[in-house]
Amino acid sequence: MKRDYFEQIRNGSEITLRDQLYIIAMLSIPAILSQISTVIMEYVDQSMVGRLGPTSSAAIGLVSSTTWLIGGLCRSVTMGFTVQVAHNIGAKKFPQARAINKHGIISVLVFSSLIGLICFAISGHLPYWLGGSEDIVREATIYFAIFALALPITNLGGVASGMLQCSGNIRTPSILNVVGCFLNVFFNFLLIFPSRYISVFGARVFFPGFNLGVAGAALGTAISQGIVALTLLFFLLIKSPILHLRTEDKIPFSVKELKAALHIAIPFAIEQGIMGWGYVFCTRIVSPLGVTALAANSFSVSAESLCYMPGYGIASAATALIGQSLGAGRNKLAERLGWLATILGMLVMTCTGILMYIFAPSILGFLTPDPEIQALGAQVLRIEAFAEPLFAASIVATGVFRGAGDTLGPSIINFISMWAVRLTMAFFLAPILGLPGVWIAMCSDLCVRGTLFLIRLWRKPISKAHSIAGAAG
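Because the structure is predicted, anything quoted here is derived from the model rather than measured. (Residues numbered from 1 in each chain as written. Predicted model: local features only at pLDDT ≥ 70, side-chain atom pairs only at ≥ 80, totals over all residues. Heavy atoms only, no water.)

With that settled, consider the layout of surface pockets. Considered as a void within the structure, the second largest pocket measures approximately 290 Å³ in volume. In terms of lining residues, the second largest pocket is bounded by 16 residues, among which Thr66, Leu69, Ile122, Leu126 and Trp277 are the most central. If you list the elements that add at least two residues to the lining of the second largest pocket, you get α3 (54–90), α4 (94–122), α5 (126–129) and α10 (255–286). Class assignment of the residues belonging to the lining of the second largest pocket gives a composition of 14 nonpolar, one polar and one charged. (1 Å grid on protein atoms, 1.4 Å probe; cavity = no way out; pocket = protein on both sides within 12 Å on 5 of 7 lines; lining within 4 Å. Points joined across faces, edges and corners; volume = space filled by probe spheres on them. Helix = DSSP H or I, 4+ residues; strand = E, 2+ residues; numbered from the N terminus. Nonpolar A, V, L, I, M, F, W, Y, C, P; charged D, E, K, R; others polar.)

Next up, the structure:
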């Protein structure tokens, strides 16, 4: 019989250290595999765009930091509700959890629609604000405009995935994320390139194409994410045993729920805004270094994600585990699970960092045929490899604290590290060392950040961190 680990937590069952390790591993594996598959598909995606030339790659790279900023702001609204859902499920208050789930979906849809309209309105100006050269402005504008229009459906997928994960269903979002990656590659293959013949097992097969270039890459991503979002909503609202819609649930949006959502979301939104502007400012530092440096930076950021995505997979599992443990009043268990998840993340990302250092040239060779971009990208990736263990500590510990509803502390740490370390060092090192100087600054930032998170996890256990576990009551 299949064991329900979250039910064990909710029921107060005794869980040995061995079982705790097993629970974290079993919940993390689907999320890790999903994240890795996402990265691999992104590699294929980047490789397709790379075949269009360095100008197209640089155009996407120019606005990518802004898309991270916008995505982070929208995720803050999601976070404000998903943590409350986890706490209420842990406390076995299922009607309240379903009500918060519904209110969260509506809030995310409204917020992301407004942000999407604003982004679309500024899409023609943004590449100039970021210091883009005339040869990449048009493609960058088109890419960002399509991203903006797709924002509401993209974020509906994000909130549905987060709700399912916090309810204990990590497998379904993970599987659908993998499916979405393959869909993304298919639609990009269809939309980016012209119609052509391709070789399949020695036979020439005609494959249609729309020859849309960078616009095709943006549309391919938007269509695939839209399909996955609708499927996730189906599993959340129809199939979820705990969170599916029920006609008898008529709990209104309460002031208490709103306060709890704002308490979580505002610090997270401020953090994402500050971090996002930091990424934008970093892009502004890299832009004067030329198209080659901008393209190498974009490809290297994508390549590095193979290392840190497993950390985000473990962090997702940790958020759900910590949220339900605190909701069930099991504070000591939450502390142990938090430390075990953080240590596991550091071990996994140490291994992926070693692999990244060894295979950096091969990874860049897959992403782009340009030898100059390959060489520069491999150089900066090897700099970053040294930061991966402590980067893991910051990623997983952030997930741990968010499960407790504590977003203020992580936000302060991320702000200090990003602006006092990364951007300050990059500003002075970029003119001297070029792109490697920027990545030395990034490596230093991640090491400082991870150290601060470990100190905070030790000095302020999550059971004593300010949380909204009491909001479930």
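Quick look at the nonpolar core now. Core analysis: the largest hydrophobic core is formed by 74 residues, its most contacted members being Val63, Leu381, Leu435, Val438 and Trp439. The leading source of residues in this core is helix α11 (residues 291–327), at eleven residues. The contact partners of Val63, leaving out residues within four places of it in the chain, are Leu126, Leu130, Ala140, Tyr143 and Phe144. With 31 residues, the next largest nonpolar core counts Ile23, Ile32, Leu340 and Leu457 among its residues. (Core = buried A, V, L, I, M, F, W, Y, C linked by side-chain atoms within 4.5 Å. Buried < 20%, exposed > 50% of the residue type's maximum accessible area, 1.4 Å probe, protein only. Contact = heavy atoms within 4.5 Å.)

For the rest of this paragraph, the subject is the environment of Ile175. Among the secondary structure elements, Ile175 is positioned in helix α8 (residues 171–192). Taking the relative accessible area as the measure of exposure, Ile175 reaches 48% and is therefore partly exposed. Taking C-alpha positions, Ile175 is 7.7 Å from Pro30, a pair spaced 145 residues apart along the chain.

We now examine the confidence of the model for the protein. Considering every residue of the protein, the mean pLDDT works out to 87; 95% of them sit at 70 or more. Residue range residues 466–473 is modelled with pLDDT below 50. Its contacts to residues more than four positions away, or to other chains, number 25 contacts. (pLDDT = per-residue confidence, 0-100.)

Another point: the packing of aromatic side chains. Under the criterion given, the structure shown has twelve aromatic pairs. Relative to Phe147, the ring of Phe144 lies with its centre 5.6 Å away and its plane at 35°, an arrangement referred to as tilted. Separated by three residues within a single helix, Phe144 and Phe147 lie in helix α6 (residues 134–149), roughly one turn from each other. The ring of Phe189 has Arg196 lying over it, and the distance from NZ or CZ to the ring centre is 4.3 Å. Note that Arg204 overlies the ring of Tyr197, its terminal NZ or CZ placed 4.5 Å from the centroid. (Phe/Tyr/Trp six-rings, centres within 6.5 Å; stacked < 30°, edge-to-face > 60°. Lys NZ or Arg CZ within 6 Å of the ring centre and 35° of its normal.)

Here strand β1 (residues 194–200) runs beside strand β2 (residues 203–210); their pairing, made up of six bridges, is antiparallel. What sits directly across from Pro194, in β2, is Phe210. Counted along the chain from β1 to the antiparallel partner β2, the turn is two residues long, and its residue Phe201 has a positive phi close to 55°. (Pairing = 2+ DSSP bridges.)

To continue, consider the packing of helix α12 (residues 331–367) against helix α14 (residues 388–403). The description of two packed helices rests on the angle between their axes and on the distance between the axes. Two elements in contact, α12 and α14, have axes whose closest approach is 7 Å; the angle formed by their N-to-C orientations is 145°. When you trace α12 past α14, the crossing you get is right-handed. Where α12 approaches α14, its residues Gly338, Ala341, Thr342, Gly345, Met346, Met349, Thr350, Gly353 and Met356 are matched on the opposing element by Glu388, Pro389, Leu390, Phe391, Ala392, Ala393, Ile395, Val396, Ala397 and Val400. (Axes fitted to C-alpha atoms, helices over the stretch in contact; angles between N-to-C directions. Left-handed = near helix turned anticlockwise from the far one by under 90°.)

As a further point, take the environment of Ile32. By the secondary structure assignment, Ile32 is in helix α2 (residues 17–50). For Ile32, a relative accessible area of 14% translates into the label buried. In sequence terms Ile32 and Leu306 are 274 residues apart; their C-alpha atoms lie 10 Å from each other. Look past the residues within four positions of Ile32 in its chain and what remains in contact with it is Pro310, Gly313 and Ile314.

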